[in-house]
Amino acid sequence: MAADKDGNGAPANGAGAALFPGASSQIDDHQFARMANAVRALSMDAVERAKSGHPGMPMGMADAAASLFTEFLKFDAAAPDWPDRDRFVLSAGHGSMLLYALLHLLGYPGMGIEELKKFRQLGSKTAGHPEYGHAPGVETTTGPLGQGLANAVGMAIAEAHLRARFGEGLVNHRTYVIAGDGCLMEGVSQEAIALAGHLKLRKLIVLWDDNGITIDGKVGLADSTDQLKRFEASGWSARRVDGHDRAAVRAALAAAQAATRPTLIALQTTIGKGAPTKAGTAATHGSPLGAEEVAGARKILDWPYAPFEIPDDVLALWRAAGARGRNHRTLWNSRLAASAKRAEFEAALQGEVAATVDERICAFKKALAAEPQKVATRKASEMALEVINAAIAETIGGSADLTGSNNTRTKGLEALTAENYGGRYIYYGIREHGMAGAMNGMALHKGVIPYGGTFMAFTDYCRPAIRLSALMGLRVIYVMTHDSIGLGEDGPTHQPVEHLAALRAMPNLNVFRPADAVETAECWALALAAKARPSVLSLTRQNVAPARLQHTDENLSAKGAYVLADAPDPEVVLIATGSEVEIALEAQKKLACEKISARVVSAPSFERFAAQPEKYRKSTLGKAPRIGIEAGVRQGWSLFLRRKDRFIGMSGFGASAPAPDLYRHFGLTSDAVVGAAENLIERE
């Protein structure tokens with residue numbers, strides 16, 4: 001059946017066998033077996049040399065991976081960053097040697113045999129688990145099971161959205177995943193597959209390594225889920241085939257490419273296939289096979305070559321497979337060059353939005369200074385987003401069923417649905433973890449800038465994905481509202497007290513806690529400018545008084561902390577964040593009535609302040625006694641406070657009551673600050 005065409009002559013059904021007719025049929029079964037065995041040999045050799053690793057999965061999935069990469073996956077090894085390539089995600093990241101072996105065999109740049117010999121060694125591209133940015137062809141960092149599957153859902157969302165925006169001539173690719181039993185057991189997998197099924201992401205194809213083995217032994221020890229029925233119940237197409245039957249795997253992949261829903265292919269495989277005594281057992285999962293077992297595997301696989309040696313004929317077949325998509329990439333480049341949307345498309349991929357955003361935010365700040373508003377910072381965030389979303393087309397917002405509370409949907413943002421992939425707002429449902437994992441995938445795909453919201457206390461549900469955002473250096477923006485006891489009556493289950501400290505402890509993560517509408521706008525500008533760092537916006541439920549009443553073009557929040565309200569020769573320095581800046585300003589006025597001069601420092605970002613020159617930090621904090629004020633625990637405040645200084649905040653969980661009552665009950669008041677200041681000055 002002929003493929004439908006769009007106006008640019010691109011096959012409407014995207015990449016796959018139709019694009020490369022006969023590519024795999026040119027490889028006979030004997031050649032194919034040798035190609036798959038090359039993957040097995042490299043995997044067991046690298047693990048054996050490192051004396052560490054997971055040989056079982058690569059050996060079991062070598063046949064299926066060979067089918068995928070030699071016939072179905074659209075890519076060009078010489079251009080790993082080609083925007084319209086198919087994405088391949090190894091969600092079962094422990095089997096990283098499968099990916100590294102493929103990248104070497106296919107001829108990806110910089111993936112010579114020496115890199116495989118350095119598997120799991122310091123400074124190598126071949127880390128124990130695939131790490132984004134270390135090697136070409138590694139689309140995401142995986143290892144924490146299930147995360148790659150969630151990332152893949154986000155990649156498929158980004159592809160569908162950009163295809164709707166730019167047309168199939170420029171965007172028309174699939175996302176493939178290899179997942180293991182562990183990926184499917186992790187809770188995030190259900191959040192991810194339910195979202196994918198709901199959105200009918202037909203270009204998402206998951207290959208499940210259905211080998212029946214986990215570290216502890218047989219899967220049946222812990223799980224009896226019918227995974228095919230589970231996926232079907234979530235709106236997927238699902239089938240099971242023999243993962244070592246080349247024809248069956250090819251047929252399943254071809255059917256998946258024609259499906260109108262996302263597809264799960266359960267590949268029944270033998271873990272450690274080829275190992276003489278350990279194949280099919282947990283012994284091959286996470287340990288080297290051992291010299292004797294490797295020697296036996298070589299005999300069974302008819303692989304009489306030395307470790308890391310690949311015969312010329314086999315390598316030539318793999319390199320030809322690596323170049324299989326080159327002509328298609330050339331045609332795509334021609335379409336891009338002729339497209340009226342070329343500049344817009346390339347700008348979206350570059351994601352350089354800072355200049356545009358800064359200009360609009362500066363004008364917005366002027367308006368706020370002219371008419372100060374007492375609003376919750378979650379509302380201030382919505383106001384800033386109204387400006388941002390109107391200025392740039394790349395943002396895709398969302399919320400985990402808290403849109404009205406997080407204030408993340410602005411006027412004019414249509415919902416992204418199965419009927420309208422061009423929408424820019426995603427209703428994620430009560431799936432915080434899946435949302436965060438999908439946003440990572442969207443950022444990895446490029447072309448979009450994801451942000452999503454939930455309550456600050458529920459960063460605990462998102463934390464594994466937030467950590468990977470930081471580890472990979474992704475521009476993902478987490479809008480976390482209801483950020484303290486100030487949320488009131490919902491009580492301690494929803495009141496975050498330790499969360500700010502926990503998030504600030506994470507490397508390469510911006511944590512912004514703005515004091516008012518002006519700081520909120522500035523923090524949004526900073527988050528969008530941080531292309532290699534995720535950001536958390538910690539926002540209030542309760543209204544806060546405007547703190548910045550005089551306009552300045554400079555983004556003062558960029559310093560991390562700055563003098564908000566000074567006094568001559570300050571006797572005490574009050575340092576506060578977010579809603580507690582209002583308390584500090586009230587305390588400053590009360591202290592002035594007692595002839596005590598106080599400086600107020602607003603500290604919306606600890607990370608950015610820590611990065612300032614020492615001279616600036618010292619001049620901002622001064623030499624006087626200091627008091628830190630925040631409705632959270634003290635951990636992390638050593639950046640500002642010395643041993644002799646005071647902290648007014650939380651030392652335990654909150655309670656259920658109206659917010660003003662809680663602030664009084666826990667001693668977070670201006671009077672408490674005044675008392676602490678008087679005590680410190682007396683001690684001096």
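Preceding this paragraph is the structure being described.
These numbers come from a predicted model, not from an experiment.

Caption draft 1: Local environment of the overall build of the chain. Scanning the chain for helices and strands turns up 25 helices and 20 strands. By the compact-globule yardstick of 26 Å for 684 residues, the chain fits well, its C-alpha radius of gyration being 28 Å. Counting only residues that meet the buried cut, the chain has 61% of its 684 residues in that class. Within the chain, counting contacts between residues at least 6 apart in sequence, those at least 24 apart form 78% of the total. Accessible surface, the chain as shown: approximately 25000 Å² in total, 51% of it carbon and sulfur. One finds the centroid of the 75 positive side-chain charges in the chain at a distance of 3 Å from the centroid of its 74 negative side-chain charges.

Caption draft 2: Representation of the environment of Met439. Here Met439 shows up in helix H17 (residues 432-445). Beyond its immediate stretch of four places on either side in the chain, Met439 contacts Tyr428, Pro450, Tyr451, Gly452, Val476, Ile477 and Tyr478.

Caption draft 3: Geometry of unusual backbone geometry. For Asn407, which is not glycine, the phi dihedral falls at a positive 60 degrees. Tracing the backbone through its elements, the reader meets Asn407 in the loop between helix H16 (403-406) and strand E10 (425-427). For Asn407, a relative accessible area of 13% gives the class buried.

Caption draft 4: Region of the structure containing helix H14 (residues 354-370). Counted at 1.5 Å a residue, the expected span for H14 with its 17 residues is 24 Å, and the 24 Å between its end C-alpha atoms agrees. Buried residues of H14: Val357, Ile361, Cys362, Phe364, Lys365, Leu368 and Ala369, and no others. Here the buried face of H14 lies against helix H15 (377-391) and helix H20 (517-529).

Caption draft 5: Focus on the state of the cysteines. All chains considered together, the criterion is met by zero disulfides. Free of any disulfide, Cys462 has its nearest cysteine sulfur in Cys183, 19 Å distant. On the basis of relative accessible area, Cys462 is assigned to the buried category, the value being 0%.

Caption draft 6: Summary view of the sheet that holds strand E18 (residues 598-602). Spatial ordering of the open sheet is given by E16-E18-E17-E19-E20, a layout of five strands whose pairing is mixed. Each edge of the open sheet carries a strand with a single partner, namely strand E16 (562-565) and strand E20 (646-648). The mean angle between the axes of side-by-side strands here comes to 30 degrees, regardless of whether they run parallel or antiparallel. Bridge analysis of strand E17 (residues 572-576) against strand E19 (residues 626-629) gives four bridges, and the strand direction is parallel. The partner of Val573 across the bridge, within E19, is Arg626. Where helix H21 (residues 580-593) meets the sheet, it contacts E16, E17, E18 and E19, and its direction lies at approximately 160 degrees from that of E17. Across the sheet, helix H25 (residues 670-683) touches E17, E19 and E20, and the angle it forms with E19 is around 160 degrees.

Caption draft 7: Expanded view of the packing of H15 against H20. Two elements in contact, H15 and H20, have axes whose closest approach is 9 Å; the angle formed by their N-to-C orientations is 55 degrees. Relative to H20, H15 is oriented oblique. Here H15 runs over H20; the crossing is right-handed. Only Ala517, Thr520, Ala521, Trp524 and Leu528 of H20 make contact with H15, whose side of the interface consists of Thr377, Ala380, Ser381, Ala384, Leu385 and Ile388. Residue classes in the contact of H15 with H20 are distributed as eight nonpolar, three polar and no charged.

Caption draft 8: Helix H7 (residues 187-198), seen in detail. Taking 1.5 Å per residue as the helical rise, H7 with its 12 residues ought to reach 16 Å, and the 17 Å between its terminal C-alpha atoms agrees with that figure. If you check which residues of H7 are buried, you get Val188, Ser189, Ala192, Ile193, Ala194, Leu195, Ala196 and Gly197. Lys200 lies just past H7 and shows a positive phi near 55 degrees.

Caption draft 9: Region of the structure containing the pattern of salt bridges. Tallied over the full model, the rule gives 30 salt bridges. Here Lys117 ties to Glu114 by a salt bridge, and the two come within 3.4 Å at their closest N and O atoms. Highlighted residues: Lys117 and Glu114, both in helix H4 (residues 113-117), separated by three residues, approximately one helical turn. Under the relative-accessibility criterion, Lys117 is labelled partly exposed at 26%. One salt bridge connects Glu352 with Lys531, and the closest N-O pair in it is separated by 2.9 Å. Of this pair, Glu352 sits in the loop between helix H13 (342-350) and H14 while Lys531 sits in the loop between H20 and strand E14 (535-538), placing them 179 residues apart in sequence. We classify Lys531 as partly exposed; its relative accessible area is 35%.

Caption draft 10: Focus on the environment of Asp566. Mapped onto the elements of the fold, Asp566 is located in the loop between E16 and E17. What makes Asp566 partly exposed here is its relative accessible area of 45%. In this structure the C-alpha to C-alpha distance between Asp566 and Ala598, which are 32 residues apart in sequence, comes to 6.9 Å. For Asp566, the contacting residues outside a window of four places in its chain are Gln588, Ala598 and Arg599. Looking at Asp566, its side chain comes within polar contact range of the side chain of Arg599, at 2.9 Å.

Caption draft 11: Looking closely at the sheet that holds strand E6 (residues 237-242). Read across the open sheet, the five strands follow the order E1-E2-E3-E7-E6; overall the sheet is parallel. A single partner strand is all that each edge strand has here, and the edge strands are strand E1 (87-90) and E6. Going across the sheet, the axis of each strand differs from the next one's by a mean of 15 degrees, ignoring polarity. Inspection of the sheet shows E6 paired to strand E7 (residues 263-268) by six bridges, in the parallel sense. Across the sheet, the residue bridging to Asp242 is Gln268, located in E7. Sheet strands touched by helix H5 (residues 147-166): E1, strand E2 (175-179) and strand E3 (204-210). Its angle to E2, the strand with the most contacts, is close to 170 degrees.

What counts as what
Residues numbered from 1 in each chain as written. Predicted model: local features only at pLDDT ≥ 70, side-chain atom pairs only at ≥ 80, totals over all residues. Heavy atoms only, no water. Helix = DSSP H or I, 4+ residues; strand = E, 2+ residues; numbered from the N terminus. Rg over C-alpha atoms; globule rule 2.2 N^0.38 Å. Buried < 20%, exposed > 50% of the residue type's maximum accessible area, 1.4 Å probe, protein only. Contact = heavy atoms within 4.5 Å. Areas by Shrake-Rupley, 256 points an atom, 1.4 Å probe, with all protein chains shown as cover. Lys, Arg positive; Asp, Glu negative; His and termini not counted. Charge placed at Lys NZ, Arg CZ, Asp CG, Glu CD. Expected span 1.5 Å × (residues − 1). Disulfide = S-S within 2.5 Å. Pairing = 2+ DSSP bridges. Axes fitted to C-alpha atoms, helices over the stretch in contact; angles between N-to-C directions. Parallel < 35°, antiparallel > 145°, perpendicular 65-115°, else oblique. Left-handed = near helix turned anticlockwise from the far one by under 90°. Nonpolar A, V, L, I, M, F, W, Y, C, P; charged D, E, K, R; others polar. Salt bridge = Lys/Arg side-chain N within 4 Å of Asp/Glu carboxyl O. Polar contact = N/O pair within 3.5 Å; in protein donor to acceptor, adjacent residues only side chain to side chain.

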